[in-house]
Amino acid sequence: DAGITQSPRHKVTETGTPVTLRCHQTENHRYMYWYRQDPGHGLRLIHYSYGVKDTDKGEVSDGYSVSRSKTEDFLLTLESATSSQTSVYFCAISGGTGVFTGELFFGEGSRLTVL
Amino acid sequence: AQSVTQLGSHVSVSEGALVLLRCNYSSSVPPYLFWYVQYPNQGLQLLLKYTSAATLVKGINGFEAEFKKSETSFHLTKPSAHMSDAAEYFCAVSEKGAQKLVFGQGTRLTINP
């Protein structure tokens, strides 16, 4: 299995509080992604990174920010959590150190509940 | 913009029966296409991928998919379903040169004994 660790795995928080989810990889892969999974919507891309300090928005980026200061860590921050951000969040990595191939390796997910 | 549509959010088949999960794509350029599987309480894992080589692609666990450009389809099949195939299946598309995948809504496969 690819070495991907998401933390925390479960979190309950209140509306308006900041939340940071962490994705840590030990594979030295170039690309890292944050997706959210919701019933009926499949997986939707929030943000992704193609290198240290290089990030781009996905299809549902509003209300989220990301940072990648090191190859191995990709942080997802909800500045002020809302109930609509209750979801399961998946981190994924890809590409080794080179070309994007489309083969993503996923973490086990972080379940976030915003009350 | 690239997208995929999975027809049927739930599919139920009997053990030993044919599995057919449907996926249609939209892309302005020749796409790369993928099927991923998600078992309960796990992340997704790659089943198979099409990257413009052979149009019939074989994957893990006896699954295969055929790329049909004329139908813009990439349906997933397995001749004989097994109980262990019960999971959620996602079709995904990536355009050549892109650095991300766009996923479909998912199809939950149930296997009846």
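In the block above lies the structure referred to throughout.
Everything quoted here is computed from the prediction, not taken from an experiment.

Time to look at the interface of chain B and chain A. In this assembly, 18 residues from chain B lie in contact with 21 residues from chain A. A buried area of about 1600 Å², summed over both sides, lies between chain B and chain A, and 55% of it is on carbon and sulfur atoms. Of all residues in chain B, Gln99, Lys100 and Phe103 of chain B bury the most surface against chain A, accounting for 35% of the area lost on that side. For the pair chain B and chain A, the number of links is zero salt bridges. Between chain B and chain A we count five residue pairs in polar contact (both at pLDDT 80 or more) in total. If you list the elements that add at least two residues to the side of chain B that touches chain A, you get strand E4 (31-38), strand E5 (44-50) and strand E9 (87-95) of chain B. Considered class by class, the residues forming the side of chain B that touches chain A number eight nonpolar, seven polar and three charged.

Residues and elements named next belong to chain A. Read across the sheet, four strands follow the order E1-E3-E8-E7 without closing on themselves; strand pairing throughout is antiparallel. Of all the strands in the sheet, the pair left with one neighbour each is strand E1 (4-7) and strand E7 (64-70). Going from strand to strand, the sheet's axes swing by 15° on average, the running direction of each strand aside. The sheet contact formed by E1 and strand E3 (residues 19-25) spans four bridges and is antiparallel. Bridge pairing links glutamine 6 to cysteine 23 in E3.

Residue and element names in this part refer to chain A. Of note, glutamine 6 is situated in strand E1. Glutamine 6 gets classed as buried once you look at its relative accessible area, which sits at 5%. Separated by 2.9 Å, the side chain of glutamine 6 and the backbone oxygen of tyrosine 89 make a polar contact. At a separation of 3.0 Å, a polar atom in the side chain of glutamine 6 contacts the main-chain amide nitrogen of cysteine 91. With residues up to four places along the chain from it excluded, the contact list for glutamine 6 reads Arg22, Trp34, Tyr89, Phe90, Cys91, Gly107, Glu108, Gly109 and Ser110.

Further remarks concern the pairing of strand E8 (residues 73-78) of chain B. Each regular strand carries side chains that alternate between the two faces of the sheet. All names here are of chain B. Counting buried residues in E8 gives five out of six residues, a clear majority hidden from the surface. Here strand E3 (residues 19-26) runs beside E8; their pairing, made up of four bridges, is antiparallel. Paired with leucine 21 across the two strands is leucine 76, which belongs to E8. In textbook terms, the turn of a hairpin is the stretch between consecutive antiparallel strands, and for strand E7 (residues 64-68) and E8 this stretch comprises four residues, one of which, threonine 72, has a positive phi near 45°.

A word on the nonpolar core. Counting residues in hydrophobic clusters, the biggest one holds 28 residues, and the most contacted among them are Trp35, Leu48, Phe74, Leu76 and Tyr89 of chain B. When residues of this core are traced back to their parent elements, those giving at least two are strand E2 (10-14), E3, E4, E5, E7, E8, E9 and strand E11 (107-112) of chain B. Among residues more than four places away in sequence, those in contact with phenylalanine 74 of chain B are Cys23, Leu33, Phe34, Trp35, Leu48, Tyr50, Val57, Ala65, Glu66 and Phe67 of chain B. Membership of the second largest hydrophobic core comes to 20 residues, among which are Tyr35, Val88 and Leu104 of chain A together with Leu101 of chain B.

Residues and elements named next belong to chain B. Burial of the side chains of E3 is restricted to one face: Val19, Leu21, Cys23 and Tyr25 are buried, whereas none of Leu20, Arg22, Asn24 and Ser26 on the reverse face is. Inspection of the sheet shows strand E1 (residues 3-7) paired to E3 by five bridges, in the antiparallel sense. Each residue of the ladder has a partner; that of leucine 7, found in E3, is arginine 22.

What follows is about the state of the cysteines. Working definition of a disulfide: a covalent bond connecting the sulfur atoms of two cysteines. Residue and element names in this part refer to chain B. This structure, assessed with the given rule, holds two disulfides over all chains. The disulfide partner of cysteine 23 is cysteine 91, and the gap between their sulfur atoms is 2.0 Å. Classification of the bridge connecting cysteine 23 and cysteine 91 rests on its S-S torsion, roughly -65°, and on that basis the disulfide is left-handed. Here cysteine 23, found in strand E3, pairs with cysteine 91, found in strand E9; they are 68 residues apart in sequence, far enough to count as distant. The residues cysteine 23 and cysteine 91 share a single accessibility class, namely buried.

Applying the stated criterion across every chain, the model contains 18 aromatic pairs over all chains. Look at tyrosine 33 of chain A and phenylalanine 100 of chain A: their rings are 6.3 Å apart centre to centre, the planes differ by 55°, and that puts the pair in the tilted class. Of the two residues, tyrosine 33 of chain A sits in strand E4 (residues 31-38) while phenylalanine 100 of chain A sits in the loop between strand E9 (87-94) and strand E10 (104-106), which places them 67 residues apart along the sequence. When sorted by exposure, tyrosine 33 of chain A lands in the same class as phenylalanine 100 of chain A, which is buried. An aromatic cluster of three or more residues is present, and its members are Tyr31, Tyr33, Tyr35, Tyr48, Tyr50, Phe90, Phe100 and Phe106 of chain A together with Phe34, Tyr36, Phe90 and Phe103 of chain B.

Basis of the calculations
- Residues numbered from 1 in each chain as written.
- Chains lettered and ligands numbered in written order.
- Predicted model: local features only at pLDDT ≥ 70, side-chain atom pairs only at ≥ 80, totals over all residues.
- Heavy atoms only, no water.
- Contact = heavy atoms within 4.5 Å.
- Buried area = accessible area lost by both parts, 1.4 Å probe.
- Salt bridge = Lys/Arg side-chain N within 4 Å of Asp/Glu carboxyl O.
- Polar contact = N/O pair within 3.5 Å; in protein donor to acceptor, adjacent residues only side chain to side chain.
- Helix = DSSP H or I, 4+ residues; strand = E, 2+ residues; numbered from the N terminus.
- Nonpolar A, V, L, I, M, F, W, Y, C, P; charged D, E, K, R; others polar.
- Pairing = 2+ DSSP bridges.
- Axes fitted to C-alpha atoms, helices over the stretch in contact; angles between N-to-C directions.
- Buried < 20%, exposed > 50% of the residue type's maximum accessible area, 1.4 Å probe, protein only.
- Core = buried A, V, L, I, M, F, W, Y, C linked by side-chain atoms within 4.5 Å.
- Disulfide = S-S within 2.5 Å.
- Phe/Tyr/Trp six-rings, centres within 6.5 Å; stacked < 30°, edge-to-face > 60°.

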